[in-house]
Every structure is written in C-alpha cells, then in structure tokens.
Amino acid sequence: VVSWNTLMAGYAAQGLDEEALNCFHQMQLDGVSPDVVSWNTMICSYGEQEDNEKAFNLFAQVQDQGLLPNSVTFVSILKACGSVAALKAGKTLHSQVVRVDGFEAMEVSLATALLDMYCKCGSMVDAHQVFDAMLTRDVVTWNALIAGYARQVAYKIVFDLFERMREEAKQPDAVTFLNVLTVCSHVGLVNEGYKYVEAMGREFGVAPSMKHHNCMVDLYSRAGQLGEAVVMLEKTPTQPD
RNA sequence: UCCGUUUUUG
C-alpha cells in the first residue's frame with residue numbers, strides 16, 4: 001500500500017489527479033485496500049485542483065465506510081471548506097475534531113488549518129478564538145492569522161500581531177513579511193512598507209525575494225511614486241521563489 | 001507513503 005501511495009502522491013504532486021485516481025482504483029483491483037494515507041492523498045489532490053466538490057465527496061466516503069480520518073484528513077478537508085467559504089461545514093468539522101481528541105491534543109497543523117478556515121470564511125472572531133486557545137503556535141499559525149487580518153485590510157491588527165511576535169521572540173519568515181507588505185500595499189502605507197522591507201533583511205535576516213519586491217512595486221505604483229517603483233523593479237531578484 | 005500560512009495582474 002505504501003508503494004501505491006507513493007505513486008499516487010507523485011501524480012498528485014504533478015497535478016495529475018486523473019492518474020492519481022487511476023492508481024486509487026488500480027490498487028483495489030490488485031487486492032490492496034486504500035488506507036487513510038491513500039484517501040488523504042486523493043482529497044488533498046482534489047483540494048489543490050480546487051475541485052472541492054470531489055474532495056467533499058471523498059471525505060463523505062471515508063466516513064460512510066467507517067474509516068477513521070486522521071489529522072491530515074481533517075487538515076485537507078478544512079482547506080476545501082476555506083476555499084469555498086463553507087463556514088457551517090467547517091464548524092461541524094471543528095466540533096468533530098474536538099470531540100475525537102479534545103482541543104489540547106490537536107496538532108499545531110490541524111489547529112492552524114482550523115484557524116485558517118475561519119479566516120477564509122471571514123469569521124475572524126472564531127479564528128482569533130482558536131489562536132488564543134492554542135498552547136503551541138508556530139510561525140505558520142501566526143502567518144495564517146496575520147494573513148486573515150490582511151485580507152480584511154485590518155492593518156493595525158496586522159502590525160500589532162507582528163509586534164507581538166517580536167515580543168514573544170517568534171522569528172517572522174518570508175511569508176510573514178509578504179502578508180505585512182500586502183496590507184501596506186492595499187492601504188497605501190508607503191512609509192510602513194519601506195520600514196518593513198528594510199528591516200526584514202537587516203534585523204530579521206530574511207532576504208527580500210521577488211515576491212516582496214513585487215509587493216513594493218505595487219505599493220509605490222498605487223501611491224503614484226513611479227520613480228521609486230522603477231528602483232524597486234530594478235532591484236528585484238530574478239529567481240522566482 | 002499523505003498535511004497547515006503567501007503578493008500583484010484578479
């Protein structure tokens with residue numbers, strides 16, 4: 001079953017979900033029962049193709065067959081909920097995972113996926129509650145919440161969260177800075193944007209990538225500072241990240 | 001063997 005799963009995951013990683021599904025069928029013809037990893041791989045693959053309907057169908061089949069979903073299964077299906085803003089389904093899953101293991105036992109990645117789902121459904125109160133309840137958070141958790149507020153253009157909260165990361169000695173990464181710069185660009189905060197992009201390399205040791213430069217080009221352009229935008233464009237690294 | 005956060009054009 002591990003070999004089949006590896007093959008399926010290989011197809012899925014290439015976006016070849018038809019081929020992955022063929023494997024899923026073929027293994028059964030060969031007398032190998034798919035395990036939870038096989039199901040997760042398919043659900044994830046559909047999620048990445050934005051084929052959320054199929055992802056939901058597979059998840060329903062997992063439950064119908066009485067198979068036990070694991071945390072990766074929940075993460076994958078929560079992602080599908082987020083991308084179609086299915087808040088009600090998301091809340092059902094939330095109570096389901098809490099019922100199974102309790103919130104305390106939840107893996108950081110699962111709690112973060114839950115938080116992210118609430119953000120993408122526009123329910124920042126729920127998202128923040130999950131965040132507050134978490135005993136362990138990693139940089140992805142922080143990034144998910146910051147991205148949520150950035151989407152709401154709540155720049156003050158974004159800056160506060162960034163400051164709180166510093167206070168708690170959490171190291172921001174390239175994604176943290178992207179989210180912060182994005183909100184600067186959407187609000188038109190040129191000075192703040194410059195401040196962050198300058199600090200990221202100097203103070204935090206995170207080299208501004210092509211994406212960060214694109215963000216700054218956008219920020220300057222929207223603000224009508226075309227000269228600065230051109231300077232940024234010329235400084236942009238050519239490697240895509 | 002399978003997971004979570006990401007800018008602009010949108």
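Residues numbered from 1 in each chain as written. Chains lettered and ligands numbered in written order. Predicted model: local features only at pLDDT ≥ 70, side-chain atom pairs only at ≥ 80, totals over all residues. Heavy atoms only, no water.

## Points about the overall build of chain A
Moving on, step 1. Secondary structure assignment for chain A yields 14 helices and zero strands.
Moving on, step 2. In chain A, the succession of α and β elements from N to C terminus is α-α-α-α-α-α-α-α-α-α-α-α-α-α.
Moving on, step 3. Overall, the C-alpha framework of chain A stretches about 65 × 40 × 30 Å when taken along its three principal axes.
Moving on, step 4. For chain A, restricting intrachain contacts to residue pairs at least 6 apart in sequence, the fraction spanning at least 24 positions comes to 59%.
Moving on, step 5. For chain A, the exposed surface amounts to about 12,300 Å²; the carbon and sulfur share of it is 54%. (Helix = DSSP H or I, 4+ residues; strand = E, 2+ residues; numbered from the N terminus. Contact = heavy atoms within 4.5 Å. Areas by Shrake-Rupley, 256 points an atom, 1.4 Å probe, with all protein chains shown as cover.)

## Examining the pattern of salt bridges
Moving on, step 1. Tallying each qualifying case throughout the model produces eight salt bridges.
Moving on, step 2. Among the salt bridges present, the one from Asp116 reaches Lys120, with a minimum N-O distance of 3.0 Å. Taken together, the residues span about one helical turn, with Asp116 and Lys120 both in helix α7 (residues 108-120) at a distance of four residues.
Moving on, step 3. By relative accessible area, Asp116 is classed as buried at 18%.
Moving on, step 4. We classify Lys120 as partly exposed; its relative accessible area is 37%.
Moving on, step 5. Between Arg202 and Glu198 there is a salt bridge; the shortest N-O distance is 2.6 Å. Note that Arg202 and Glu198 are positioned in helix α12 (residues 190-202) at a spacing of four residues, about one turn of the helix.
Moving on, step 6. Exposure remark for Arg202: the relative accessible area of 56% places this residue in the exposed category.
Moving on, step 7. When salt bridges with common partners are traced through the structure, they connect Glu163, Arg166 and Glu203 into a single cluster. (Salt bridge = Lys/Arg side-chain N within 4 Å of Asp/Glu carboxyl O. Buried < 20%, exposed > 50% of the residue type's maximum accessible area, 1.4 Å probe, protein only.)

## Things to note about the protein's contact with RNA strand B
Moving on, step 1. In the neighbourhood of RNA strand B, 34 residues make up the surrounding shell, with Asn5, Asn40, Asn143, Thr182 and His186 lying closest.
Moving on, step 2. A share of 63% is what sugar and phosphate atoms reach among the atoms of RNA strand B within 4 Å of the protein.
Moving on, step 3. One nitrogen or oxygen atom from the side chain of Asn40 is found 2.7 Å from a base oxygen belonging to RNA strand B.
Moving on, step 4. At 3.4 Å, a side-chain N or O of Thr182 approaches a sugar or linking oxygen of RNA strand B.
Moving on, step 5. Counting residues per element, the ones that place at least two in the surface near RNA strand B are α1 (2-13), α3 (36-48), α5 (71-83), α7, α9 (139-151), α11 (174-187) and α13 (210-222). (Near = heavy atom within 4 Å. Polar contact = N/O pair within 3.5 Å; in protein donor to acceptor, adjacent residues only side chain to side chain.)

## Regarding the confidence of the model for chain A
Moving on, step 1. A residue-level look at chain A finds 100% of positions with pLDDT of 70 or above and a mean pLDDT of 96.
Moving on, step 2. Scored by ipTM, the complex comes to 0.88, with pTM at 0.95. (pLDDT = per-residue confidence, 0-100.)

## Here we look at helix α4 (residues 52-64)
Moving on, step 1. When the terminal C-alpha atoms of α4 are compared, their 18 Å separation across 13 residues agrees well with the 18 Å that a helix rising 1.5 Å per residue should span.
Moving on, step 2. Those residues of α4 that fall on the buried side of the exposure criterion are Asn52, Ala55, Leu58, Phe59 and Val62. For α4, the angular spread of buried residues about the axis comes to 120°, placing them on one side. Away from the buried face of α4 by more than 90 degrees, exposed residues Glu53 and Asp64 are located.
Moving on, step 3. On its buried face, α4 sits against α3, α5 and α6 (87-101).
Moving on, step 4. Directly beyond the C-terminal end of α4, a positive phi value near 70° is found at Gly66. (Expected span 1.5 Å × (residues − 1). Arc of directions from axis to C-beta.)

## Regarding the environment of Gln171
Moving on, step 1. Note on placement: Gln171 falls in the loop between α10 (155-167) and α11.
Moving on, step 2. Since its relative accessible area comes to 48%, Gln171 is described here as partly exposed.
Moving on, step 3. Between the C-alpha atom of Gln171 and that of Val139, which follows or precedes it by 32 residues, the distance is 7.3 Å.
Moving on, step 4. With residues up to four places along the chain from it excluded, the contact list for Gln171 reads Val139, Met165, Phe204 and Val206.

## Details of the packing of aromatic side chains
Moving on, step 1. A full pass over the atoms with the stated rule returns nine aromatic pairs.
Moving on, step 2. On the basis of an interplanar angle of 80° and a centroid distance of 5.0 Å, the ring pair of Phe24 and Trp39 is categorised as edge-to-face. Taken together, the residues Phe24 in helix α2 (residues 17-29) and Trp39 in helix α3 connect sequence positions 15 residues apart.
Moving on, step 3. Judged by relative accessible area, Phe24 falls into the buried class, the value being 5%.
Moving on, step 4. Taking the centre distance of 6.0 Å and the plane angle of 65° together, the rings of Phe59 and Phe74 count as edge-to-face. Taken together, the positions of Phe59 in helix α4 and Phe74 in helix α5 put the pair 15 residues apart, joining distant regions of the chain.
Moving on, step 5. The class for Phe59 is buried, based on a relative accessible area of 7%.
Moving on, step 6. On the basis of relative accessibility, which here comes to 5%, the residue Phe74 falls in the buried class. (Phe/Tyr/Trp six-rings, centres within 6.5 Å; stacked < 30°, edge-to-face > 60°.)

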